[in-house]
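The residues making up each chain are set out below.
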Amino acid sequence: MEIITDYVIPVFQVLFRNLVFLNIVFAVIIVFFQRREPKSVWTWLLLLYFIPILGFVFYLLIGTDMHKRKMFKTKGIEDRLNDAIRQQEHQIRNRELERQVPEITGYADLVMYNLDTMGTVLSDDNDLQILTDGNDKFEALLEDIRNAKEFIHFQYYIIKNDVVFSRILEALLEKVREGVEVRILFDAMGCRFVSHRFWKELELKGIKIAEFFPAFLRKFHLRINYRNHRKIVVIDNKTAYVGGFNVAKEYVGLDKKFGYWRDTHLRIMGSAVMGLSMRFLLDWNYAARENLFSDPRYLTGAVPGTKDQCEIQIISSGPDAQEQTIRDNYVRLIHKARKSIYIQTPYFIPDEAMLTALYIAIRSGIEVHIMIPCKPDHPFVYWATYSYIGDMVMAGANCYTYNNGFLHAKGLIVDEKVFCYGTANMDIRSFALNFEVNAVVYDEKKAREMTAIFKEDLKLCKKITRDIYAGRNLTVRIKEQVSRLLSPLL
């Protein structure tokens, strides 16, 4: 008690006596030393004004701006990548690529943008399987794991030590005993409820483990932002997975809170596997401080698909990059739409660029369909989402809530010709603050398949009409307004 009286209370007295000065200092840091959108700056300044000291603590946890530094280095393969990129850029400029790959007609500029910003080459020899049910996804993954011969690279934002991971772990350990290399990369925030002892036990059993942005002293997560939200599995560079499913029982519908879990994952065979393999290697090299590019096994082995022949580009984005590549792909695709746009996302908090693109599309007579969940997993985010959905409804978009459990699929389909699906939600956090990865698929047959899945989901949806939105009660309106005010921080 004497310690509190002698030391703690005087500290608080000093802080409160200098609140105005401290707030000015904090405001100067935010305004002049961080390059931010004006809307985000004003939100933080209001928070500092109304909640001094605590507001700045909150800012330190989720608001600090990561320097736009190159975190992920491709040392050892730059020449090989640059040769492939320059060759494809030359083919696009001379219109050779469109003649060779007619499916990208009208989208060659987007292919070029992804080449220029991300160095991601278009491949046209891919088989693609669309998986929307967790049980189907994990059964396919288990089968591919059992067939692995050389290595398995396994990366998820969330891995929970429950019945779903137990089955996968059993298969992974069996492969380790057969001499197959197994690596697991996880995000420290997403896996914060899994003990370090558990990961150490897996290392002792032969699985290589790496943690992205580990907690301070293993307990305090000082970086609530800048999480690695990617979900990637690469097996022998022959098969790869990317999409929305994490690894836990709720993703197979075993959590009563969410019920059935509707998501979208892509299983790829073909040269696009190397794009996902490269993304894993870059993330692993950063987290584990191990340069896997020095081993040629991880840079070869892709086998062309035999049936679909899909054209795919793997794109990624993160706070270390100057461009918001995935957001830019969404915006460019929306601008290119001539007939229809289909969007599925659990969180819909668009920035000005995307919001404007959608307004223009709606008012140009293009059918815009947006599907969101009927229930929140993050309340503030959900009510901010509902607020922006209201804007879309009033503008003339067709908006729906998915009523058969929880919708977690993340992607966009344009004109039933091209789609972009993966790990990125349509919100500011995914666009600017998280590390994400998506696949852009330029294939009309597969785009029609994805559209048919969307239309099948509509049978389990409720349409949000203008009357329904206008008739929401006062409580909902207050939740929306408060959440929307905080949307730049969400």
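Look up a bit, the structure's there.
Keep in mind that what you see is a predicted model, and the values were worked out from it rather than measured.

### Observations regarding the overall build of the chain
Looking only at helices and strands, one finds 18 helices and 18 strands in the chain. Taking all 490 residues of the chain together, the buried fraction comes to 56%. The long-range fraction of contacts in the chain, counting pairs at least 24 apart against all pairs at least 6 apart in sequence, stands at 79%. Summing over all exposed atoms, the chain offers an accessible surface of approximately 22,400 Å²; the carbon and sulfur share of this is 56%.

### A few points about the environment of Met371
With respect to the element layout, Met371 can be found in strand E11 (residues 367-373). Judged by relative accessible area, which is 0%, Met371 ranks as buried. Along the sequence, Met371 and Lys462 sit 91 residues apart, while their C-alpha atoms lie 9.5 Å from each other. When neighbours within four sequence positions are excluded, Met371 is seen to be in contact with Ile343, Gln344, Thr345, Tyr400, Tyr402, Leu407, Phe454, Asp457, Leu458 and Cys461.

### Quick word on a nonpolar patch on the surface
Together, Phe380, Leu474, Ile478 and Val482 make up a nonpolar patch on the protein surface, roughly 390 Å² of accessible area in all. At three residues, the largest contribution of residues to the nonpolar patch is made by helix H18 (residues 474-485). Relative to the elements of secondary structure, Ile478 occurs in helix H18.

### Overview of the nonpolar core
Counting 59 residues, the largest nonpolar core has Tyr330, Ile341, Phe348, Ile370, Met392, Leu412 and Tyr442 as the members making the most contacts within it. At 10 residues, the largest contribution of residues to this core is made by helix H14 (residues 379-395). Setting aside residues up to four positions removed in sequence, Met392 forms contacts with Phe348, Leu355, Leu358, Tyr359, Ile362, Ile370, Ala397 and Cys399. Residues Phe138, Cys191, Trp199 and Phe245 belong to the second largest nonpolar core, which totals 44 residues.

### Remarks on H18
The terminal C-alpha atoms of H18, which comprises 12 residues, lie 17 Å apart, in line with the 16 Å expected from a rise of 1.5 Å per residue. Within the span of H18, buried status applies to Val476, Glu480 and Ser483. Axial view of H18: buried residues confined to an arc of 75 degrees, hence all on one face. Residues Leu474, Gln481 and Leu485 are exposed on H18 and point more than 90 degrees away from its buried face. Two to three positions downstream of the cap, the backbone nitrogen of Thr475 sits 3.1 Å from a side-chain oxygen, assigning the N-cap of H18 to Asn473.

### Details of the packing of helix H7 (residues 108-118) against helix H12 (residues 325-336)
Axis angle and axis distance: for two packed helices, these are the angle between their axes and the distance between the axes, and together they describe the pair. Closest axis-to-axis distance for the H7/H12 pair is 11 Å, and the angle between their directions is 170 degrees. On the basis of their axis angle, the class for H7 and H12 is roughly antiparallel. On H12, the residues touching Asp109, Leu110, Tyr113, Asn114, Thr117 and Met118 of H7 are Thr325, Asp328, Asn329, Arg332, Leu333 and Lys336. Residues that form the contact of H7 with H12 fall into these classes: four nonpolar, four polar and four charged.

### Digging into helix H16 (residues 444-458)
The periodicity of an α-helix, 3.6 residues per turn, causes residues three or four places apart in sequence to face the same way. Look at H16: 21 Å from first C-alpha to last across 15 residues, which is about the 21 Å you get at 1.5 Å a residue. Of the positions making up H16, those classed as buried are Lys446, Ala447, Met450, Thr451, Ile453, Phe454 and Asp457. Taken down its axis, H16 places every buried residue within 155 degrees of arc, on the same side.

### Quick look at the packing of aromatic side chains
Enumeration according to the criterion identifies 25 aromatic pairs in this entry. Between Phe151 and Tyr298 the ring centres are 5.1 Å apart and the planes differ by 75 degrees, which places this aromatic pair in the edge-to-face class. Of this pair, Phe151 sits in strand E2 (residues 151-156) while Tyr298 sits in the loop between helix H11 (273-288) and strand E8 (310-317), placing them 147 residues apart in sequence. Looking at Phe151, the relative accessible area reads 1%, which means it is buried. Geometrically, the ring pair formed by Phe258 and Trp261 is edge-to-face, given 5.4 Å between the ring centres and 80 degrees between the ring planes. A relative accessible area of 10% means that Phe258 is categorised as buried.

### Section: the packing of helix H13 (residues 352-363) against H14
One way to put it is that H13 packs onto H14 with a least axis distance of 10 Å and a crossing angle of 20 degrees. In terms of orientation, H13 lies roughly parallel with respect to H14. The two elements H13 and H14 meet at a crossing, and its hand is right-handed. For the pair H13 and H14, contact is made by Leu355, Leu358, Tyr359 and Ile362 and by Tyr388, Asp391, Met392 and Ala395, respectively. A per-class count over the contact of H13 with H14 returns seven nonpolar, no polar and one charged.

### Quick word on the pairing of strand E17 (residues 436-442)
Of all the seven residues making up E17, seven are buried; the element is thus mostly covered by neighbouring parts of the structure. Residues of E17 alternate between two faces, with Glu436, Asn438, Val440 and Tyr442 on one and Val437, Ala439 and Val441 on the opposite face, all of them buried. Of the strand pairs in this sheet, E8 and E17 are connected by six bridges, and their pairing is antiparallel. Looking at E17, one finds that Ile314 is bridged to Ala439.

### Things to note about the environment of Gly179
Of note, Gly179 is situated in the loop between helix H9 (163-177) and strand E3 (181-187). Its relative accessible area of 57% is what places Gly179 among the exposed residues. Placed 29 residues apart in sequence, Gly179 and Glu150 show a C-alpha to C-alpha distance of 7.7 Å.

### Digging into unusual backbone geometry
A negative phi angle is the norm for most residues apart from glycine, just as the trans form is the norm for most peptide bonds. Although it is not a glycine, Asp236 adopts a positive phi angle of roughly 60 degrees. By the element assignment, Asp236 lies in the loop between strand E5 (232-235) and strand E6 (239-243).

### Structural notes on the state of the cysteines
The full count for this structure, using the stated rule, is zero disulfides. Cysteine Cys374 is unpaired, with the sulfur of Cys461 as its nearest cysteine sulfur at 9.0 Å. Under the relative-accessibility criterion, Cys374 is labelled partly exposed at 30%.

### Considering the pattern of salt bridges
When charged atoms on two side chains of opposite charge get close, those side chains can pair. In total, this model carries 25 salt bridges according to the counting rule given. With a shortest N-O distance of 3.0 Å, Arg177 and Glu174 are connected by a salt bridge. Note that Arg177 and Glu174 are positioned in helix H9 at a spacing of three residues, about one turn of the helix. The exposed category is assigned to Arg177, whose relative accessible area is 60%. One salt bridge in this structure joins Asp295 and Arg297, with 3.0 Å as the shortest N-O distance. Through salt bridges with shared partners, a single network forms among Glu181, Arg183, Glu290, Asp295 and Arg297.

About the cut-offs
Residues numbered from 1 in each chain as written. Predicted model: local features only at pLDDT ≥ 70, side-chain atom pairs only at ≥ 80, totals over all residues. Heavy atoms only, no water. Helix = DSSP H or I, 4+ residues; strand = E, 2+ residues; numbered from the N terminus. Buried < 20%, exposed > 50% of the residue type's maximum accessible area, 1.4 Å probe, protein only. Contact = heavy atoms within 4.5 Å. Areas by Shrake-Rupley, 256 points an atom, 1.4 Å probe, with all protein chains shown as cover. Patch = residues over 30% accessible without salt bridge, like charges linked within 9 Å, V, L, I, M, F, W, Y side chains within 5 Å. Salt bridge = Lys/Arg side-chain N within 4 Å of Asp/Glu carboxyl O. Core = buried A, V, L, I, M, F, W, Y, C linked by side-chain atoms within 4.5 Å. Expected span 1.5 Å × (residues − 1). Arc of directions from axis to C-beta. Polar contact = N/O pair within 3.5 Å; in protein donor to acceptor, adjacent residues only side chain to side chain. Axes fitted to C-alpha atoms, helices over the stretch in contact; angles between N-to-C directions. Parallel < 35°, antiparallel > 145°, perpendicular 65-115°, else oblique. Nonpolar A, V, L, I, M, F, W, Y, C, P; charged D, E, K, R; others polar. Phe/Tyr/Trp six-rings, centres within 6.5 Å; stacked < 30°, edge-to-face > 60°. Left-handed = near helix turned anticlockwise from the far one by under 90°. Pairing = 2+ DSSP bridges. Disulfide = S-S within 2.5 Å.

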